[in-house]
Amino acid sequence: MENKAKISVFGAGKMGTGIALQFAVTGFPVKLLAFDVREQQTSAGVIEDNLKLLAENGLVDADRCDEIRKRIDIVLDFDEAAREADFAIECVLENMELKQNYFARLDQACKPGAVLCTNTSAMSVTEIASKSVHRERILGTHFWNPGHLIPLVEVVKSDASSDEVAQTVMEVLRSVGKKPVLCKKDVPGFIANRMQHALWREAISIVENGIADAATVDEAVRYSFGLRLPQLGPMENADMVGTDLTYNIHDYILRDLEDSHEPSPLLKQLRDAGKIGFKTGEGFQKWTPEQVAQSNAELNEYLIRMLYGK
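Residues numbered from 1 in each chain as written. Predicted model: local features only at pLDDT ≥ 70, side-chain atom pairs only at ≥ 80, totals over all residues. Heavy atoms only, no water.

*Asks:* Before we go on, may I ask you to explain helix H1 (residues 14–25) in this structure?
*Replies:* A rise of 1.5 Å per residue sets the reference length of H1, with its twelve residues, at 16 Å; its end C-alpha atoms lie 17 Å apart and thus fit the reference within 8%. In terms of residue burial, H1 counts as a mostly covered element, since eleven of its twelve residues are buried. Within H1 the residues assigned to the buried category are Met-15, Gly-16, Thr-17, Gly-18, Ile-19, Ala-20, Leu-21, Gln-22, Phe-23, Ala-24 and Val-25. Directly beyond the C-terminal end of H1, a positive phi value near 105° is found at Gly-27. (Helix = DSSP H or I, 4+ residues; strand = E, 2+ residues; numbered from the N terminus. Expected span 1.5 Å × (residues − 1). Buried < 20%, exposed > 50% of the residue type's maximum accessible area, 1.4 Å probe, protein only.)

Here you go:
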């Protein structure tokens, strides 16, 4: 798929806007579908802020920002976004029925040769595609937030996705600077989210059982194995220390780790009390608006420094 191929992103929230920007920076024309005027205006502002961040850190030339901005057409009409798309990426809410109906509509509205992708972070691609006719051209592309900075995209085949479509998607993602990985089975959470949420389950359990408070849990990760993870993955680490030692540790410790198949009662308690994190100023910890802004800014700065040495 050449750079003249037309990209359409459906949903102009944080993920959709970041994905649209990634394609635009690398030369693709993009239709970005916003669901109302307010989202259209907000996404335009987010694109402006992210372009400024990239330019300030030398990731794009400042004199190219206007050119990049013009490649993104934020539209309100679904058919306009779908009509000419060669590569369509859905970024709507994580609701199975909504996604199923959305893909049935995309399947009808997009031209026969278009590839249709869902940015779901955990849901079954097979189930999402179940109401569509041309299921062979539908697959998952799980971008990670922020979509214009984090390299990984998990490419997930459904039970009907063709090998040819999967290969095309992998090639397109590489061409825009992403690091695509193929998930061989359509399982909940795919690859990285399964590992991430296994860690979160144990972290929440440690807090819930009074072993350490939330801030201490985060500090323990940041200053130990978290430092190694960008360079040393868990499988290489296991080989480094030895599968014999890994076996002995697991033989001793696994029976004591959290293995609940239900969300933590503490997590439910926080949710039911309206303590949902940054959005309300309190979750596992309390957050002022200034701390929220600082956390988001420091994440972007860290990613740019780590990935690009800026």
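Here the narrative resumes.
*Asks:* Which parts of the structure should I look at to understand the nonpolar core?
*Replies:* Nonpolar side chains in soluble globular proteins tend to be buried together. Phe-23, Phe-87 and Val-169 are the most contacted members of the largest nonpolar core, which has 46 residues in total. The element contributing the most residues to this core is H1, with seven residues. Once you skip the residues sitting within four places of it in the chain, Phe-23 turns out to touch Ile-7, Phe-28, Val-30, Phe-87, Ile-89, Phe-143, Val-172 and Val-176. In this structure, Phe-78, Ala-88, Val-92 and Met-96 belong to the second largest nonpolar core, which totals 19 residues. (Core = buried A, V, L, I, M, F, W, Y, C linked by side-chain atoms within 4.5 Å. Contact = heavy atoms within 4.5 Å.)

*Asks:* Honestly, the sheet that holds strand E5 (residues 115–118) in this entry has me stumped. Any pointers?
*Replies:* Strand pairs in the sheet, formed through backbone hydrogen bonds, run parallel or antiparallel to each other. The sheet built from eight strands is open, its strands ordered E3-E2-E1-E4-E5-E6-E7-E8 with mixed pairing. Each edge of the open sheet carries a strand with a single partner, namely strand E3 (72–75) and strand E8 (179–183). Pairwise comparison of adjacent strand axes, ignoring direction, gives a mean angle of 25° for this sheet. The sheet contact formed by strand E1 (residues 7–10) and strand E4 (residues 87–90) spans four bridges and is parallel. Across the sheet, the residue bridging to Val-9 is Ile-89, located in E4. Sitting on the sheet, H1 touches E1, strand E2 (30–33), E3, E4 and strand E6 (138–143), and the angle it makes with E2 is about 175°. The sheet strands contacting helix H5 (residues 96–109) are E1, E2, E4, E5 and E6, and the helix crosses E5 at an angle near 165°. (Pairing = 2+ DSSP bridges. Axes fitted to C-alpha atoms, helices over the stretch in contact; angles between N-to-C directions.)

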